[in-house]
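So you can see what is in the structure, the chains are spelled out below.
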Amino acid sequence: MKALKNSINPGDEIIRPFVPAGTHPIETGRYLIGTEEINRLYEVVTQWIENRSPGGIIYGRPRLGKSRAISFLMHILPADYNNRLSIYDLSSYQSKSPTERSFYEDLLSGVGHDLAFKGSTSEKRVRLTRYLIEQGIRLENRRIVFFMDDAQRLSELQYNCLMDIYNDLDKAGIQLTVILVGQPELIHQRSAFIRTKKTQIVGRFMSQDHEFTGIQNLEDLKYCLTSFDQESEYPIGSGWSFTRNYFPEAFNDGHRLENEVTNLFELLKECASSAGLRKIDIPMQYLMLTIEYVYKRFGANTGNYWPTIEQWRRAIESSGYITAELLHESVIKK
């Protein structure tokens, strides 16, 4: 994405666009920010699609931003493929006693079918298959992609249903790629399938994998901060990035979040080290909360010029990052 033209001439009056209170994306949380890890995920997913892979695993611990990353891909993949792909973001629901009936209902509902809950199990399966075939034959390359979020919840029965759907679409000349997105339990589940010789499931949907990570180094952090400086914009078409909106005077004087990357990364490492954390792998949720806190508590609406190190420290503490990481490490040690 190209950078916005986010500057005005020195001495000009700074007039922020009117945004009703509580409606800016920073206030609502409804925004997508690009990261280096999303770029890496994009390369992996597009390679799987180009290779006509039937499936693969995207795994990582909670709160790293996997679901947001999928939302980002859902936003850019159709345009990149000139709408020659039919892509669905589907949720995997926990059930003590999963059934084919309920699974087909979930899938029908997830793809937007109006008759998700009518008829027998076999009727639901036929309805889903016919609907997907109808969608597929309209596309030049006859490709359909399922992102299955929280896929560690799927049972063997549900994988068998996915295989049936895959086979039905394959007979109709339509390629289905099922991308399983979830926690590291997915890898353990694959190992269990291998031990019990469920090779048809492994070979179909689990033969490839990609570990999704958080912010681990300066480059990852800088890319994210730059997105707030340059690629974010609200109102759309205004030329006002999120950073410019909350720190207009400082922004006009040349200040950018990306220029704070070294200080902020060192502060994050310091906070982690003081708490006894073993490694830096910052979940996107807590980085977003940190930046949002700085914008809202220390931005132009409060009369502040530019955030200080101590204000960044307060934002990190407020995000819950350290507490969550300590809890995560205590679970791992057990």
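Residues numbered from 1 in each chain as written. Predicted model: local features only at pLDDT ≥ 70, side-chain atom pairs only at ≥ 80, totals over all residues. Heavy atoms only, no water.

A.B. asks: Got a minute to help me understand the overall build of the chain in this structure?
C.D. replies: A tally of helices and strands in the chain yields 15 helices and 5 strands. Its C-alpha atoms give the chain principal-axis dimensions of roughly 70 × 50 × 35 Å. Per-residue burial for the chain yields a buried fraction of 49% across its 334 residues. Partitioning the intrachain contacts of the chain with sequence separation of at least 6 by distance along the chain shows that 79% fall at a separation of at least 24. Here the chain displays about 16,400 Å² of accessible surface, and carbon together with sulfur accounts for 47% of that area. Across the chain, 40 positive and 42 negative side-chain charges occur, with their mean positions spaced 6 Å apart. (Helix = DSSP H or I, 4+ residues; strand = E, 2+ residues; numbered from the N terminus. Buried < 20%, exposed > 50% of the residue type's maximum accessible area, 1.4 Å probe, protein only. Contact = heavy atoms within 4.5 Å. Areas by Shrake-Rupley, 256 points an atom, 1.4 Å probe, with all protein chains shown as cover. Lys, Arg positive; Asp, Glu negative; His and termini not counted. Charge placed at Lys NZ, Arg CZ, Asp CG, Glu CD.)

A.B. asks: Even after reading the chapter, I still don't get the nonpolar core, so can you show me in this structure?
C.D. replies: What tends to happen in soluble globular proteins is that the nonpolar side chains get buried as a cluster. Judged by nonpolar contacts, the single largest core of 39 residues is most densely connected at Leu221, Phe228, Leu257, Leu287, Ile291, Tyr295 and Tyr321. Looking at this core, the elements with two or more residues in it are helix H9 (218–231), helix H10 (242–246), helix H12 (261–274), helix H13 (284–298), helix H14 (309–319) and helix H15 (321–333). The element contributing the most residues to this core is H13, with 9 residues. Once residues within four sequence positions are removed from consideration, phenylalanine 228 is found in contact with Ile26, Tyr31, Ile33, Ser241, Phe242, Thr243, Leu257, Met288, Ile291 and Tyr295. (Core = buried A, V, L, I, M, F, W, Y, C linked by side-chain atoms within 4.5 Å.)

A.B. asks: So what exactly am I meant to see when it comes to helix H4 (residues 100–110) here?
C.D. replies: Owing to its 3.6 residues per turn, the α-helix brings residues three or four apart onto one side. Of the positions making up H4, those classed as buried are Phe103, Tyr104, Glu105, Leu107 and Leu108. Buried residues belonging to H4 abut strand E2 (85–91), helix H5 (121–137), strand E3 (143–149) and helix H6 (156–171). At the exit of H4 stands glycine 112, carrying a positive phi of roughly 90 degrees.

A.B. asks: I tried to follow the sheet that holds E2 on my own but got confused; where do I start?
C.D. replies: Sheet strands pair by backbone hydrogen bonding; their relative direction is either parallel or antiparallel. Spatial strand order, E2-E3-E4-E1-E5: 5 strands in an open sheet with parallel pairing. Strands at the two margins of the open sheet, each flanked by one partner only, are E2 and strand E5 (209–211). Taken pair by pair, the neighbouring strands of this sheet meet at an average axis angle of 15 degrees, ignoring direction. Where E3 meets strand E4 (residues 175–182), 7 bridges bridge the pair, whose relative direction is parallel. By the bridge assignment, phenylalanine 147 is partnered in E4 with isoleucine 179. (Pairing = 2+ DSSP bridges. Axes fitted to C-alpha atoms, helices over the stretch in contact; angles between N-to-C directions.)

A.B. asks: Sorry, what's going on with the pairing of E2 here?
C.D. replies: The side chains of a regular strand alternate, first on one face of the sheet and then on the other. Along E2, 5 of the 7 residues are buried, which leaves the element largely enclosed by surrounding structure. The sheet contact formed by E2 and E3 spans 7 bridges and is parallel. Bridging across to E3, aspartate 89 finds its partner in phenylalanine 147.

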